[in-house]
Amino acid sequence: MDEGLTGLVLFTVAVAALSTALILVPGVAAAYALARWKGPGRGVVETVLALPLVLPPTAVGLVLLELLARDSVLGRLLDAMGVEVVFTPKAVVLASAVMAFPLLVRSARAGFEEVDPRLVAVARTLGDTRTRAFFRVTLPLAWRGVLTGALLAFSRALGEFGATVLVAGNIPGRTQTLSLAIFQRTQVGQDAEALKLAGVAVVLAFGAMYVTEVVTRRRGARGLA
């Protein structure tokens, strides 16, 4: 790969990794809460968290753009702190994280739901606090679901386009990822270059999804054992 393509690939992978890391803790916390919450309103919360999966990505990007605009409450707060987000690499990470968040939550929640509550109860009777029982019993038993969710989130972030282009723009060398570069090349008639970039994107996506599939299969085999 030439230097420009290498930088583009590294930036795309870094964005996917950072966005996944950004949502890991809140995503696991939300998944655990949903897995254990049996009260009213759970369906509403689940629906709200899943909205980025069904909304047009451009709609999500527009919402983020309005939330982060300088005349918004959050925008003024960030401006006072000297933090610039819109049309910067931070916006790329944020948009990718928002779009990937539901995939992490759904998979991790399924993992937590597979944990037998009686095992947690036993740990509590042996003196573990709720937090200690979570880290010693619940999380180790649900780790495949969490890992699968993280890998799915990473895969989703690799190909994010719609939300990113609105809130971060398509600035070569600054906010441009592989998917944005493919779009730009096709717009200017560089179809051969676009196909080359698409091939690289396919390789990256295949690798991420293959690892996800391996983890999922092992998780299923463990459940049948």
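Counting restarts for each chain, with residues numbered from 1 along the sequence as it is written. Note on the predicted model: pLDDT of at least 70 is required for a residue's local features to be given, and 80 or more for side-chain atom pairs to be given and counted; whole-chain, interface and lining totals, by contrast, use all residues. Excluding hydrogens and water, the side-chain values take into account all heavy atoms of the structure.

Comments concerning the UniProt feature "transmembrane region" (unreviewed entry) in the protein chain
Logical step 1: UniProt positions are given in the numbering used here, feature names are shortened, and annotations may be inferred rather than shown by experiment. Per the UniProt entry, the sites bearing "transmembrane region" (unreviewed entry) are residues 6-35, 47-65, 85-105, 133-154 and 194-212 in this numbering.
Logical step 2: Under the scheme used here, helices are H or I runs from DSSP no shorter than 4 residues and strands are E runs no shorter than 2 residues, and both carry numbers assigned from the N terminus. End C-alpha to end C-alpha, residues 6-35 measures 41 Å, and it is 100% helix and 0% strand.
Logical step 3: Helix and strand shares over residues 194-212 are 100% and 0% respectively, and the end C-alpha atoms of the span are 27 Å apart.

A few points about the packing of helix α2 (residues 42-54) against helix α5 (residues 89-113)
Logical step 1: For helices, the fitted axis covers only the stretch in contact; all axes are lines through C-alpha atoms, and the angles between them, taken along N-to-C directions, range from 0 to 180 degrees. Where α2 contacts α5, the two axes come as close as 6 Å, and the packing angle between them is 135°. If you check the angle between α2 and α5, you find them oblique. Two secondary-structure elements touch here, α2 through Arg-42, Glu-46, Leu-49, Ala-50, Pro-52 and Leu-53 and α5 through Val-98, Met-99, Phe-101, Pro-102, Leu-103, Val-105, Arg-106, Arg-109 and Glu-113.
Logical step 2: When residues are sorted by character, Ala, Val, Leu, Ile, Met, Phe, Trp, Tyr, Cys and Pro go into the nonpolar class, Asp, Glu, Lys and Arg into the charged class, and all the rest, Gly among them, into the polar class. Split into classes, the residues belonging to the contact of α2 with α5 amount to 10 nonpolar, no polar and 5 charged. What sets the label is the angle itself: under 35 degrees gives roughly parallel, over 145 gives roughly antiparallel, 65 to 115 gives roughly perpendicular, and the rest give oblique. In this analysis, two residues are considered to be in contact whenever any of their non-hydrogen atoms come within 4.5 Å of each other.

Overview of the UniProt feature "domain: ABC transmembrane type-1" (unreviewed entry) in the protein chain
Logical step 1: Taken from the UniProt record, the annotation "domain: ABC transmembrane type-1" (unreviewed entry) applies to residues 9-215.
Logical step 2: In residues 9-215, helix accounts for 80% and strand for 0%; the two terminal C-alpha atoms are 24 Å from one another.

Focus: the packing of aromatic side chains
Logical step 1: Pairs were defined over the aromatic rings of Phe, Tyr and Trp, the Trp ring being its six-membered one, requiring ring centres within 6.5 Å. Orientation was assigned from the angle between planes: stacked under 30 degrees, edge-to-face over 60, tilted for the rest. Across all of its chains, the model carries 6 aromatic pairs by this definition.
Logical step 2: Where Tyr-32 meets Phe-134, the ring centres are 4.8 Å apart and the plane angle is 70°; that geometry is what we call edge-to-face. On the criterion of sequence distance, the pair formed by Tyr-32 in helix α1 (residues 3-36) and Phe-134 in helix α7 (residues 130-158) is long-range, its members being 102 residues apart.
Logical step 3: Throughout, exposure labels follow a simple rule: accessible area from a 1.4 Å probe, protein chains only, divided by the maximum for the residue type, with under 20% read as buried, over 50% as exposed, and the rest as partly exposed. The exposure class of Phe-134 is buried, given its relative accessible area of 14%.
Logical step 4: Members of the aromatic cluster, each reached through a chain of ring pairs, are Tyr-32, Phe-112, Phe-134 and Phe-135.

Quick notes on empty space enclosed by the protein
Logical step 1: Here a cavity denotes grid points, spaced 1 Å and computed from the protein atoms alone, that fit a 1.4 Å probe unable to get out, and a pocket denotes an open set having protein on both sides within 12 Å along at least 5 of 7 lines; residues with an atom within 4 Å of a point are the lining. Grid points are joined across faces, edges and corners, and a volume is the space filled by probe spheres set on the points. Inspection of every chain in the model, using the stated rule, returns 1 cavity of 30 Å³ or more.
Logical step 2: The calculated volume of the largest cavity comes to roughly 30 Å³.
Logical step 3: Lining the largest cavity, in full, are Thr-12, Val-15, Val-92, Ser-96, Ala-157, Leu-158, Glu-160, Thr-164 and Thr-177.
Logical step 4: Only α1, α5 and α7 provide two or more residues apiece to the lining of the largest cavity.
Logical step 5: Looking at the lining of the largest cavity residue by residue, the classes come out as 4 nonpolar, 4 polar and 1 charged.

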